[in-house]
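This is what each chain is made of:
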Amino acid sequence: MLLSAAVVAGWIDAVVGGGGLVLLPALLVGVPGVPVATALGTNKLVAIAGTSTAAVTYARRTKVDWQVAGPAAGLALVCAGLGAGLAGVVPAGAYRPVLLVVLVAVAVLVVARPRLGVVSVPQRRTRVRMAVAVGVAGVGVALYDGLVGPATGTFLVLAFTAVVGADFLHASAMAKVVNVGTNLGALVVFAATGHVLWVLGAAMAVCNVVGAVVGAGLALRRGAGFVRVVLVVVVSALVVRLGWDQWVAGGV
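Here, residues in each chain are numbered from 1, in the same order as that chain's written sequence. Local features are withheld for residues below a pLDDT of 70 in this predicted model, meaning they are given only at 70 or higher, and side-chain atom pairs are given and counted only at 80 or more; totals for whole chains, interfaces and linings count all residues. In computing side-chain properties, one takes all heavy atoms of the structure into account and sets aside hydrogens as well as water.

**Let's talk about the overall build of the protein**
Step number 1: Think of it this way: any DSSP run of H or I at least four residues long counts as a helix, any run of E at least two long counts as a strand, and we number them from the N terminus. Looking only at helices and strands, the protein features 10 helices and 0 strands.
Step number 2: In sequence order, the protein lays out its α and β elements as α-α-α-α-α-α-α-α-α-α.
Step number 3: Over its C-alpha atoms the protein spans a radius of gyration of 16 Å, differing by no more than 12% from the 18 Å that the globule rule assigns to 252 residues.
Step number 4: Any residue under 20% of the maximum accessible area for its type is buried, any over 50% is exposed, and the rest in between are partly exposed; the area is computed with a 1.4 Å probe on protein chains only. Out of the 252 residues belonging to the protein, those deemed buried represent 55%.
Step number 5: Total accessible area on the protein stands at roughly 10400 Å², and carbon and sulfur atoms take up 73% of it.
Step number 6: His residues and chain termini do not enter the charge count, which takes Lys and Arg as positive and Asp and Glu as negative. Here the site of a charge means atom NZ of a Lys, CZ of an Arg, CG of an Asp or CD of a Glu. Of the charged side chains in the protein, 16 are positive and 5 negative, and the gap between their average positions amounts to 8 Å. C-alpha atoms define the radius of gyration, and 2.2 Å times the number of residues to the power 0.38 defines the globule rule. All accessible areas in this document rest on Shrake-Rupley with a 1.4 Å probe, and a residue is counted as covered only by the protein chains that are shown.

The structure is reproduced here in structure tokens:
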């Protein structure tokens, strides 16, 4: 079950992000009694393999805006580590309502603006907007990834699309580069505190790479329109999942 979940998560992460929606619940169910911090740390070990593979695949076959993605990834390495250090301090119930509101807003935005991300808007790529994109991705989203995780790639894609006008395909390519930084920064902290299941994580990482290769290749072949559809599906699934945890499951 865990190996299959790793393949699916790698595919989702490679296309649009959000693989943590699959991986974290799978780890919490598949490894009874595992601490949340250990599930998060093992998730980072698995995810960094897939996101690195996807980042290389995208970089070889499409153009990556390194002026934005590079600095953002560098900041993300540090800020995700800071977030990971706080992972055991902030209770899950504190972030769920805010995350739900943000995800619903994202879904409404994408559905209400059908052209968003389908074609690039290069005139948005000003120096100020580039700096904002680096800050949002490298600081804000990276802190969230170290602290919580699920939907990080989705938030990165939306940030690059909305702020600097990238289409969904190229925004996804940039997101993978930054996601490598967030995963590495968080993984270092979780590993240093003993919160990584190395053998299980390594086996799942191999499967995650398989999913990432297939997902990145499909996204590159099908283009921005395909990524948009997957984005809507993933965001909707995240809303349902978090809503269930918040209200049906009693906010546990």
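Having put the structure on the table, let's press on.
**Quick word on the environment of Lys63**
Step number 1: Checked against the element boundaries, Lys63 lands in the loop between helix H3 (36-61) and helix H4 (66-85).
Step number 2: For the pair Lys63 and Val209, spaced 146 residues apart in sequence, the C-alpha to C-alpha distance is 21 Å.

**Things to note about helix H1 (residues 2-15)**
Step number 1: Under the convention used throughout, the expected extent of a helix is 1.5 Å for every residue step, that is, one less than its residue count. Between the first and last C-alpha of H1 there are 20 Å, a value that for 14 residues agrees with the 20 Å anticipated at 1.5 Å per step.
Step number 2: When H1 is considered as a whole, its buried residues turn out to be Leu2, Ala5, Ala6, Ala9, Gly10, Ile12, Asp13, Ala14 and Val15.
Step number 3: Elements that come into contact with the buried residues of H1 comprise helix H2 (20-30), H3, helix H8 (168-192), helix H9 (198-222) and helix H10 (224-248).
Step number 4: Positive backbone phi, at 90°, marks Gly17, one or two positions downstream of H1. The contact rule is simple, with two residues in contact once any of their heavy atoms fall within 4.5 Å.

**Structural notes on a nonpolar patch on the surface**
Step number 1: Together, Leu75, Leu77, Val78, Leu82, Val139, Leu143, Leu184 and Val188 make up an exposed nonpolar region whose accessible area comes to about 620 Å².
Step number 2: Counting only elements with at least two residues in the nonpolar patch, the list comes to H4, helix H6 (127-147) and H8.
Step number 3: Tallying contributions element by element places H4 first for the nonpolar patch, with 4 residues.
Step number 4: The exposure class assigned to Val78 is exposed, which follows from its relative accessible area of 52%. Patch membership requires over 30% relative accessible area and the absence of a salt bridge. Like charges are linked within 9 Å, and nonpolar side chains (Val, Leu, Ile, Met, Phe, Trp, Tyr) within 5 Å. A pairing counts as a salt bridge when a side-chain nitrogen of Lys or Arg comes within 4 Å of a carboxyl oxygen of Asp or Glu.

**Comments concerning the nonpolar core**
What tends to happen in soluble globular proteins is that the nonpolar side chains get buried as a cluster.
Step number 1: Val16, Tyr58, Leu103, Phe160 and Phe190 are the most contacted members of the largest nonpolar core, which totals 83 residues.
Step number 2: It is H8 that provides the largest number of residues to this core, a total of 11 residues.
Step number 3: Excluding its chain neighbours within four sequence positions, the residues that come into contact with Tyr58 are Ala14, Val15, Leu169, Ser172, Ala173, Lys176, Ala216, Ala219 and Leu220. What is meant by a nonpolar core is a set of buried Ala, Val, Leu, Ile, Met, Phe, Trp, Tyr and Cys residues, joined one to another through side-chain atoms within 4.5 Å.

**Considering the side chain of Lys44**
Step number 1: Structurally, Lys44 can be placed in helix H3.
Step number 2: Relative accessible area serves as the criterion here: at 2%, Lys44 is assigned to the buried category.
Step number 3: Within polar-contact distance, the side chain of Lys44 engages the side chain of Asp145 at 2.5 Å.
Step number 4: Those residues within four positions of Lys44 in sequence are excluded, and the remaining contacts are Asp145, Gly149, Asn183, Ala186, Leu187 and Phe190. Polar contacts, as used here, are pairs of N or O atoms within 3.5 Å; protein pairs need one atom able to donate a hydrogen and one able to accept it. Residues neighboring in sequence count only if both atoms are side-chain atoms.

**Concerning a positive patch on the surface**
Step number 1: Together, Arg60, Arg61, Arg221 and Arg222 give the surface a local cluster of positive charge.
Step number 2: Listing elements by their share of the positive patch, those giving two or more residues are H3 and H9.
Step number 3: Within the secondary structure, Arg221 sits in helix H9.

**What to know about the side chain of Asn208**
Step number 1: Relative to the helices and strands, Asn208 resides in helix H9.
Step number 2: Leaving out residues up to four positions away in the same chain, Asn208 has contacts with Ala6, Val7, Ala9, Gly10, Leu23, Val46, Ala47, Ala49 and Gly50.

**What to know about the packing of H3 against H9**
Step number 1: Comment: axis = line fitted to C-alpha atoms, over the contacting stretch for helices; angle = value between 0 and 180 degrees taken between N-to-C directions. At their nearest, the axes of H3 and H9 sit 7 Å apart, and the two run at 30° to each other. With respect to their mutual orientation, H3 and H9 come out roughly parallel. As H3 runs across H9, the sense of the crossing is right-handed.
Step number 2: Three residue categories are used. Nonpolar comprises Ala, Val, Leu, Ile, Met, Phe, Trp, Tyr, Cys and Pro, charged comprises Asp, Glu, Lys and Arg, and polar comprises the others, including Gly. Split into classes, the residues belonging to the contact of H3 with H9 amount to 16 nonpolar, 7 polar and 2 charged. Angle categories: roughly parallel below 35 degrees, roughly antiparallel above 145, roughly perpendicular from 65 to 115, and oblique for all the rest. Should the near helix be turned counterclockwise from the far one by less than a right angle, the crossing is left-handed, whereas a clockwise turn marks it as right-handed.

**Some words on the packing of aromatic side chains**
Step number 1: We call Phe, Tyr and Trp rings a pair once their centres come within 6.5 Å, taking the six-membered ring for Trp, and we label the pair stacked below 30 degrees between planes, edge-to-face above 60, and tilted otherwise. Taken as a whole, this structure holds 2 aromatic pairs when the rule is applied.
Step number 2: When the centroid spacing of 6.2 Å and the interplanar angle of 90° are considered together, the rings of Trp11 and Phe226 count as edge-to-face. Taken together, the residues span a long stretch of sequence, with Trp11 in helix H1 and Phe226 in helix H10 at a distance of 215 residues.
Step number 3: Ring geometry for Tyr144 against Phe155: centres 5.7 Å apart, planes inclined by 70°, an arrangement best described as edge-to-face. With Tyr144 in helix H6 and Phe155 in helix H7 (residues 152-164), the pair connects residues that are 11 residues apart, well separated along the chain. Both residues of the pair, Tyr144 and Phe155, belong to the buried class.

Bear in mind that shape data such as this cannot, by itself, settle questions of function.
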